Amino acid sequence: MRDFVIRGATVVTPEYVREADVAIEDGVIRAIEPELPGAAEDIDAKGLFLFPGLIDVHVHFNEPGPHTEWEGVATGSRALAAGGGTLFFDMPLNSVPCTVTAREFDRKRAALEAASVTDFALWGGIVPGNLSQMAELADRGVIGFKAFLCHSGLEEFPRADDLTLWEGLREAARLGLPVAIHAENHELIQSLGRRMMREGRLGIRDFLLSRPVIAELEAIQRATFLAGEAGAKLHIIHVSSGRGVALAAEAKMRGVDVSIETCPHYLSFTDEDVERLGAIAKCAPPVRDSKERENLWRELIRGNVDVIASDHSPSSPERKTGNFWNAWGGIAGVQSTLAVLLEQGYHSRGLPLERIASLIAAEPASRFRIPDRGRLAPGASADLALVDVVATFTLKSGDLLQRHTMSPYVGRSFRGVVKQTIRRGETIFADGTIKVRNGGKFVRPLSK
Ligand SMILES: [Zn+2]
């Protein structure tokens, strides 16, 4: 690994945006100053913006197990790198068996180390009956624990009933690790879904109506209350509505230790897009109407969203056709997060670049206690994305490096082209192509 200086880039951090040179040595940022002396190599980055490498805290790369056919670590991590990402946290499903025991943790870690081009960390799961495994998963270095309040879509990962959730939150609090919650009220969406089935209402609109915002609000209310009582850290994933964000932010004001995540698809699409695009834009909670999308943007710009993650969850193309209700729910967007934030946020709504650096890197690293990542500062890991924030591109399926090149973002135009992605001082993506074979490293959070 050679030492080098990135010259003349506009450095983007949560605290400032300014032009500087950045010196890298042994994979670590050594200095950020104007006019640094020469190194073995220079990268001329005049006119480009240097972001901290994107940390995607929520992906489903599905390895090991049969769903590796839907997405794998080799392809998923390459797509992440092409979007400026240097680190991902893989969810405990849809790898099968799911990451709910130490044994499955070891299997997944080995699979990811063998194939990833970016660094990674692993979520463990909370399911009925695995409470006794949580301490061992914590010892292994999980980033936190994921629980579903409704059906997960996978029989192998049952939802956390109230007792499982309560005891899981208390155990996670004891272990000092956050709990990620899929917040939708099981009874409500189950009953509404059954009613739709009975009435033969099998359209896309019917599906959207079966998972209303109120189901998300009720679940957020319950999860934040229980987490507060348990003294647990809560991370509410993929909040789909501005009202959901506001409700969680109120809990935070009351002293509940909660972080709020939303995804680019809730910021990009509306119910009408889902009707037009079909199952490629199906996810849960579902994409909302344009009013709710703008509410979500308002909450984000107000500062109430902490983290943006892709919730990249593809399937095989066959699972995305036919009856919408039976199609796989999950959106493939791991490569597009930064482009969405630049186009829809920075260019269209005046979202400051500093906030983007916070949402994609600084907050993910600090919330999940990875002190040397997510920052552009001397001593931090040289995880970087060099971006032309004004260059335009229209996403073509051939540009996507994921396994199945389907994404609702195909055909959309963006301002914001990732020119180069650097992971621990090594260029892993540049000029539209991946530059390494693998070399992803397991990242462990600080112990409590
Ligand atoms: Zn997910």
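Shown above is the structure to which this text applies.
Here the structure is a predicted model, which is why all the values come from computation and not from measurement.

Definitions and cut-offs
- Residues numbered from 1 in each chain as written.
- Predicted model: local features only at pLDDT ≥ 70, side-chain atom pairs only at ≥ 80, totals over all residues.
- Heavy atoms only, no water.
- Axes fitted to C-alpha atoms, helices over the stretch in contact; angles between N-to-C directions.
- Helix = DSSP H or I, 4+ residues; strand = E, 2+ residues; numbered from the N terminus.
- Parallel < 35°, antiparallel > 145°, perpendicular 65-115°, else oblique.
- Contact = heavy atoms within 4.5 Å.
- Nonpolar A, V, L, I, M, F, W, Y, C, P; charged D, E, K, R; others polar.
- 1 Å grid on protein atoms, 1.4 Å probe; cavity = no way out; pocket = protein on both sides within 12 Å on 5 of 7 lines; lining within 4 Å.
- Points joined across faces, edges and corners; volume = space filled by probe spheres on them.
- Pairing = 2+ DSSP bridges.
- Phe/Tyr/Trp six-rings, centres within 6.5 Å; stacked < 30°, edge-to-face > 60°.
- Buried < 20%, exposed > 50% of the residue type's maximum accessible area, 1.4 Å probe, protein only.
- Salt bridge = Lys/Arg side-chain N within 4 Å of Asp/Glu carboxyl O.

### Points about the packing of helix α11 (residues 290-302) against helix α12 (residues 337-349)
Between two packed helices, both the angle of their axes relative to each other and the distance between the axes serve to describe the pair. For the pair α11 and α12, interaxial distance at closest approach is 13 Å and the crossing angle is 75°. It follows that α11 is roughly perpendicular to α12 by the angle criterion. Across from R293, E294, W297 and I301 in α11, the residues of α12 making contact are Q344, G345 and R349. By residue class, the composition of the contact of α11 with α12 is two nonpolar, two polar and three charged.

### Let's talk about empty space enclosed by the protein
The final tally for this structure, using the stated rule, is one cavity of 30 Å³ or more. Here the largest cavity is characterised by a volume of approximately 80 Å³. Taken together, I280, P314, S315, K320, G330, I331, A332, H404, M406, S407 and P408 form the lining of the largest cavity. The residue inventory of the lining of the largest cavity, partitioned by class, reads six nonpolar, four polar and one charged.

### Details of the pairing of strand β2 (residues 17-25)
When strand β1 (residues 4-12) meets β2, the two strands line up antiparallel, connected through seven bridges. Looking at β2, one finds that I6 is bridged to V22. Hairpin connection of β1 to β2: four residues between the antiparallel strands. In the sheet, β2 pairs with strand β3 (residues 28-33) via five bridges, with the strands oriented antiparallel. Bridging from a neighbouring strand, E25 pairs with V28 of β3.

### Brief notes about the environment of D139
With respect to the helices and strands, the residue D139 is situated in helix α3 (residues 134-140). Residues D139 and S447 lie 308 residues apart in sequence; the distance between their C-alpha atoms is 8.8 Å.

### With respect to the packing of aromatic side chains
Inspection of every chain in the model, using the stated rule, returns 13 aromatic pairs. Note on F105 and F442: the rings are 5.8 Å apart at their centroids and 85° apart in plane angle, and the pair reads as edge-to-face. With a gap of 337 residues between them, F105 in helix α2 (residues 102-115) and F442 in the segment after β18 (433-434) connect regions that are remote in the sequence. Judged by its relative accessible area of 9%, F442 is buried.

### Quick look at the pattern of salt bridges
Tallied over the entire structure, the rule returns 33 salt bridges. A salt bridge links E113 to R109; its shortest N-O distance comes to 3.1 Å. Of this pair, E113 and R109 both sit in helix α2, four residues apart, which is roughly one turn of the helix. Ionic contacts of the salt-bridge type, sharing partners, join the residues D119, D372, R373, D383 and R424 into one network.

### Thoughts on the side chain of H404
By secondary structure assignment, the location of H404 is in the loop between β15 (384-394) and β16 (413-423). If near-sequence neighbours (up to four positions away) are discounted, H404 is found in contact with E69, W70, S315, S316 and P317.

### Examining the sheet that holds strand β6 (residues 54-59)
Taken together, three strands build an open sheet; the order of strands is β6-β7-β8 and the sheet is parallel. The two strands at the open ends of the sheet, each matched to only one other strand, are β6 and β8 (119-122). Mean inter-strand twist for the sheet, computed between neighbouring axes without regard to direction, equals 20°. Direction of pairing for β6 relative to strand β7 (residues 85-90): parallel, over a ladder of four bridges. Bridged to V59 within β7 is D90. Docked against the sheet, α2 engages β7 and β8, running at close to 170° with respect to β8.

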